[in-house]
Amino acid sequence: MGLGVSLPPVKRRSVTRASRACHASHASRVSLAVVTAVGLAMTGACGGGGGGGGSGDNSISVGLLLPGGGVSRFGQFDRPLIEKRLKGLCPDCPATAFAATAEPAVQRQQIEAMITRGVDVLIVAAIDPEALRSSVESAHRAGIPVVAYDRLAQGPISGYVTFDGATIGRLQGEALLKAMGTKAHGGQIVMMNGATVDPNAGWFKRGALSVLKGKVKIGKSYDTVGWRPENAYVNMTGAIAALGAGKIDGVLAANDSLAGAVVSAFNSSAVKPLPPVTGQDADLVAAQRIVKGEQYMTVYKPYKPAADAAAEMAIALGRGESVDSIATGTVDSATTKDIPAVLLPSVSVTVNNIKDTLVKDGLYTIAQICTPKLRSACDQAGLTR
């Protein structure tokens, strides 16, 4: 898979600092650095600021860059869980305010700002992994290891944490076939895939096709630019017009945002009943659509193990330690081979197991899912009993 690159070894700038201050005091002090588009907000620990730009020289500073905040999956789950684990590993370390961006150019600026500030290690969920390659290489030259989170950026990545994309695609494909019933052999589907710049999107697609190929007809297949729901809505509207409203037996939507756009397109075209639609990420609105019968399934990815692994890798790398004991295997990117990786399992969620998965794990409460408008549907699904 990977081509391999010849790169100088990463310099471990923080080893002496960490050993001299954090290890000696039996309390590693990590600061969580979060960058906005125009600057860097970071607090120091272990008696000084992070990296080369702080007032001291003994801290391990961790930079965190995520592609979404607020109500996004990254804002709701990943961010607080990563911060909590970092705080657990380093109780005395303060965390700064969080900022996120959906723009690749802004994310590159954020990384460059962190490099200039002199953080010791980065956790990065890349918006555009290929476009971020030069920034990852800049970090490497500065001696700053990078942990790729959720999406595998190109360049000299030191560690990678994600969910097994092939498994996610297979779960979606298997669920779709089950929901299609007798139409699972010879029926026609639409594939609403993710963005081509995201290697995970291709991973999901390949996993789904390994199940679907030879069993159903793929009437239309779209790669959704930017993972944007508005693009998926336009594409789905076009598919309905081209194939016919009653001739689409299922939709393989790569995530819940795309699934929501697909459902909206069907509703706008007055398609009844809705064919089964897949999803991913276990968004609250997706869980509610599943209860209503508008979406058949979503893929739930337990975020805590991923957040924990990313935080643990970051601190190990910041101390100049190996992450081999954390990694469960290795992966190759388009540029780098044998990246230590943690690949985590996922769970298929339908109306039949929402209570045993999303609710049991504390992702949502019954009250959050079962709004007054959904009370009857929740009663019927057994969620309120």
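In what follows, the accompanying structure is described. Bear in mind the structure is a predicted one, so any value in this text is a computation, not a measurement. (Residues numbered from 1 in each chain as written. Predicted model: local features only at pLDDT ≥ 70, side-chain atom pairs only at ≥ 80, totals over all residues. Heavy atoms only, no water.)

1. Re the state of the cysteines
Phase 1 of the analysis: Across all of its chains, the model carries 1 disulfide by this definition.
Phase 2 of the analysis: Put simply, Cys370 and Cys378 are joined by a disulfide, and their sulfur atoms are 2.1 Å apart. The S-S bond linking Cys370 to Cys378 shows a torsion near -100°; that makes this disulfide left-handed. Of the two residues examined, Cys370 and Cys378, each falls in the buried class. (Disulfide = S-S within 2.5 Å. Buried < 20%, exposed > 50% of the residue type's maximum accessible area, 1.4 Å probe, protein only.)

2. Remarks on the sheet that holds strand 7 (residues 188–193)
Phase 1 of the analysis: Judged by pairing direction, the sheet is parallel, and its 3 strands sit side by side in the order 8-7-9 without closing on themselves. Strands at the two margins of the open sheet, each flanked by one partner only, are strand 8 (217–223) and strand 9 (250–253). On average, each strand axis in the sheet is tilted by 15° relative to the strand beside it, whichever way the strands run.
Phase 2 of the analysis: Sheet analysis places strand 7 next to strand 9, joined by 4 bridges and oriented parallel. Its bridge partner lying in strand 9, Met191 is registered against Leu252.
Phase 3 of the analysis: Each of strand 7 and strand 9 is contacted by helix 8 (residues 256–268), which is oriented at about 150° to strand 9, the strand it contacts most. (Pairing = 2+ DSSP bridges. Helix = DSSP H or I, 4+ residues; strand = E, 2+ residues; numbered from the N terminus. Axes fitted to C-alpha atoms, helices over the stretch in contact; angles between N-to-C directions. Contact = heavy atoms within 4.5 Å.)

3. Regarding unusual backbone geometry
Phase 1 of the analysis: Looking along the chain, the bond that leaves Lys272 and enters Pro273 is cis, with omega of -10°.
Phase 2 of the analysis: Topologically, Pro273 is positioned in the loop between helix 8 and helix 9 (284–292).
Phase 3 of the analysis: Phi at Asp281 is positive, roughly 110°, even though this residue is not glycine.
Phase 4 of the analysis: For Asp281, the position within the fold is in the loop between helix 8 and helix 9.

4. A word on the packing of helix 2 (residues 73–89) against helix 10 (residues 303–318)
Phase 1 of the analysis: In the contact formed by helix 2 and helix 10, the axes pass within 8 Å of each other and the chain directions differ by 45°. The orientation of helix 2 with respect to helix 10, classified from their angle, is oblique. Note that helix 2 runs across helix 10; the crossing there is right-handed. Two secondary-structure elements touch here, helix 2 through Arg73, Phe77, Asp78, Leu81, Ile82, Arg85, Leu86 and Leu89 and helix 10 through Tyr303, Lys304, Ala307, Asp308, Ala311, Glu312 and Ile315.
Phase 2 of the analysis: Looking at the contact of helix 2 with helix 10 residue by residue, the classes come out as 9 nonpolar, no polar and 6 charged. (Parallel < 35°, antiparallel > 145°, perpendicular 65-115°, else oblique. Left-handed = near helix turned anticlockwise from the far one by under 90°. Nonpolar A, V, L, I, M, F, W, Y, C, P; charged D, E, K, R; others polar.)

5. Describing the environment of Pro80
Phase 1 of the analysis: By the secondary structure assignment, Pro80 is in helix 2.
Phase 2 of the analysis: For Pro80, a relative accessible area of 34% translates into the label partly exposed.
Phase 3 of the analysis: For the pair formed by Pro80 and Lys304, sequence separation is 224 residues and the distance between their alpha carbons is 9.6 Å.
Phase 4 of the analysis: Non-local contacts of Pro80, meaning those with residues more than four positions away in its chain, are made with Phe74 and Gly75.

6. Brief notes about the environment of Gln172
Phase 1 of the analysis: Assignment of secondary structure puts Gln172 in helix 5 (residues 165–180).
Phase 2 of the analysis: A distance of 2.9 Å separates the side chain of Gln172 from the backbone oxygen of Gly279, its partner in a polar contact. (Polar contact = N/O pair within 3.5 Å; in protein donor to acceptor, adjacent residues only side chain to side chain.)

7. Focus on the packing of aromatic side chains
Phase 1 of the analysis: Here the structure, examined in full by the defined rule, presents 4 aromatic pairs.
Phase 2 of the analysis: Between Phe77 and Tyr364, the aromatic rings sit 6.1 Å apart at their centres with planes inclined by 70°, giving edge-to-face as the arrangement. Taken together, the residues Phe77 in helix 2 and Tyr364 in the loop between helix 11 (355–359) and helix 12 (366–369) connect sequence positions 287 residues apart.
Phase 3 of the analysis: The exposure class of Tyr364 is buried, given its relative accessible area of 4%.
Phase 4 of the analysis: A centroid spacing of 6.3 Å and a plane angle of 90° characterise the contact between Phe163 and Tyr303, whose relative ring orientation is edge-to-face. Of this pair, Phe163 sits in strand 6 (residues 159–163) while Tyr303 sits in helix 10, placing them 140 residues apart in sequence. (Phe/Tyr/Trp six-rings, centres within 6.5 Å; stacked < 30°, edge-to-face > 60°.)

8. Comments concerning the pattern of salt bridges
Phase 1 of the analysis: Tallied over the full model, the rule gives 14 salt bridges.
Phase 2 of the analysis: With a shortest N-O distance of 3.0 Å, Asp150 and Arg73 are connected by a salt bridge. Placement of Asp150 in the loop between strand 5 (146–149) and strand 6 and of Arg73 in helix 2 is noted, with a sequence separation of 77 residues between them.
Phase 3 of the analysis: Within the structure, one salt-bridge network assembled from shared partners comprises Arg73, Asp78, Asp150, Arg151 and Asp198. (Salt bridge = Lys/Arg side-chain N within 4 Å of Asp/Glu carboxyl O.)

9. Topic: the side chain of Thr357
Phase 1 of the analysis: Locating Thr357 in the fold gives a position in helix 11.
Phase 2 of the analysis: Within the structure, the side chain of Thr357 is placed 2.6 Å from the backbone oxygen of Asn353, a separation counted as a polar contact.
Phase 3 of the analysis: For Thr357, the residues in contact, after removing those within four places along its chain, are Tyr300, Val347 and Val349.

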